[in-house]
Amino acid sequence: MRVIIEPSAELGSQRAASIVAQLVRKKPRAILGLATGGTPLKLYQELIRMHQSEGLDFSRVTSFNLDEYVGLPPTHPQSYRHFMTENLFRHVNIDIRNTHVPDGRALDYETYGSQYEAMIEEAGGIDLQILGIGRDGHIAFNEPGSSLGSRTRLKTLAPETIRDNARFFGTEEDVPRLAITMGVGTILESKKCILLAFGKDKAEAIAATVEGPVTAQVTGSALQFHRDVVVILDEESASQLQRRSYYDEVEEAHRRLQSGEVK
């Protein structure tokens, strides 16, 4: 893992957006894996700015989202399809036909999960997967105890996830108990991952993910097996990392290499 620690969530989001933009400019038909929630919002705002001000072109990009609540129609204000439409898709020139969010109203979730996997494979696989992380260390809706080889499937949400997401719904009772989610194994097949985490509430999960043992109880820790992961943090989310000074040294070495100071 490459761990990048920025002074703020704003700067971290800009750093992540520059990585996304670099890929899209190099590969106009890039396949992006997208996440929802509060964490990637500033990233999407920066991508929108880049599109509107710098001409970043999404017209040939294809996207696959990580997950969706079961039972919510795409027009529901808390559905992830609605989230993506309002916070990214309608503000850039992506072809909506090339955007994929799991269907929370599928009648046969086992079959649908296999079909979603097939769509990703047919598209050529995900080039860059954006990830957030839960306070218990889960990625997508792969709650603690999920198989590290899991595929897209139906998943029951953990009580902590329901409590955390209640702020979007008003009450815990209104939060759906089920979601369809990409599996950990699906995520690990992406060519590159960017894991974003901001705020002190994510510090314990980040320490366990980056420096702890690989365990199904912290599904984010499976990213230690991935060949190309960039973890972008702010100061608060990085506060429990034991090897903080080393990560800073690595970034300084990258900076010097890119500036030509190291031949």
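Residues numbered from 1 in each chain as written. Predicted model: local features only at pLDDT ≥ 70, side-chain atom pairs only at ≥ 80, totals over all residues. Heavy atoms only, no water.

**Describing the overall build of the chain**
Then step 1. A count of helical and extended segments in the chain gives eight helices and 10 strands.
Then step 2. In terms of C-alpha radius of gyration, the chain reaches 18 Å, essentially the compact-globule figure of 18 Å for 263 residues.
Then step 3. Expressed along its principal axes, the backbone C-alpha trace of the chain runs to roughly 60 × 40 × 35 Å.
Then step 4. Put simply, the chain has 263 residues, and 53% of those count as buried.
Then step 5. Sequence separation of at least 24 residues holds for 78% of the intrachain contacts in the chain that already meet a minimum separation of 6.
Then step 6. Taken as a whole, the chain presents about 12100 Å² of accessible surface, with 49% of it coming from carbon and sulfur.
Then step 7. The chain carries 30 positive and 36 negative side-chain charges, and their two centres are separated by 5 Å. (Helix = DSSP H or I, 4+ residues; strand = E, 2+ residues; numbered from the N terminus. Rg over C-alpha atoms; globule rule 2.2 N^0.38 Å. Buried < 20%, exposed > 50% of the residue type's maximum accessible area, 1.4 Å probe, protein only. Contact = heavy atoms within 4.5 Å. Areas by Shrake-Rupley, 256 points an atom, 1.4 Å probe, with all protein chains shown as cover. Lys, Arg positive; Asp, Glu negative; His and termini not counted. Charge placed at Lys NZ, Arg CZ, Asp CG, Glu CD.)

**Some words on the packing of aromatic side chains**
Then step 1. Going through the model one piece at a time under the given rule, you end up with seven aromatic pairs.
Then step 2. Among the aromatic side chains, those forming a connected cluster through ring pairs are Tyr69, Tyr80, Phe141 and Phe169.
Then step 3. Arg243 extends its terminal NZ or CZ atom over the ring of Tyr246, reaching a point 4.6 Å from the ring centre. (Phe/Tyr/Trp six-rings, centres within 6.5 Å; stacked < 30°, edge-to-face > 60°. Lys NZ or Arg CZ within 6 Å of the ring centre and 35° of its normal.)

**Let's talk about the environment of Gln52**
Then step 1. Take Gln52: it is sitting in helix H2 (residues 41–54).
Then step 2. Under the relative-accessibility criterion, Gln52 is labelled exposed at 55%.
Then step 3. Between the C-alpha atoms of Gln52 and Glu249, which are 197 residues apart in sequence, the distance is 35 Å.

**Here's the deal with the environment of Gln115**
Then step 1. The residue Gln115 is located in helix H4 (residues 109–123) in this model.
Then step 2. For Gln115 and Thr152, which are 37 residues apart along the polypeptide, the C-alpha to C-alpha distance reads 9.1 Å.

**So, the pairing of strand E10 (residues 229–233)**
Then step 1. Burial analysis of E10 places five of its five residues in the buried class, which makes it a mostly covered element.
Then step 2. Of the two faces of E10, both are covered, the one formed by Val229, Val231 and Leu233 as well as the one formed by Val230 and Ile232.
Then step 3. As defined by bridge partners, strand E1 (residues 2–5) adjoins E10 across four bridges and the pair is classed as parallel. For Ile5, the partnering residue across the bridge sits in E10 and is Leu233.
Then step 4. Of the strand pairs in this sheet, strand E9 (residues 193–197) and E10 are connected by five bridges, and their pairing is parallel. Residue pairing in the sheet places Leu195 in a bridge with Val231 of E10.
Then step 5. Running through helix H7 (residues 203–211), the crossover from E9 to the neighbouring parallel element E10 is right-handed. (Pairing = 2+ DSSP bridges. Right-handed = clockwise from strand over helix to strand, strands pointing away.)

**Considering the pattern of salt bridges**
Then step 1. For the coordinates displayed, the defined rule picks out 19 salt bridges.
Then step 2. With its nearest N and O atoms 2.9 Å apart, the salt bridge here joins Glu46 to Arg49. One end of the pair, Glu46, and the other, Arg49, are both in helix H2, three residues apart, so they sit about a helical turn from each other.
Then step 3. For Glu46, a relative accessible area of 13% puts it in the buried group.
Then step 4. A salt bridge links Glu160 to Arg135; the nearest nitrogen and oxygen atoms lie 3.5 Å apart. Residue Glu160 is located in helix H5 (residues 159–169), and its partner Arg135 is located in the loop between strand E6 (128–131) and strand E7 (153–156); the two are separated by 25 residues in the primary sequence.
Then step 5. You can call Glu160 partly exposed: its relative accessible area is 22%.
Then step 6. Overlapping salt bridges bring together Arg2, Glu6, Arg15 and Glu251 as one network. (Salt bridge = Lys/Arg side-chain N within 4 Å of Asp/Glu carboxyl O.)

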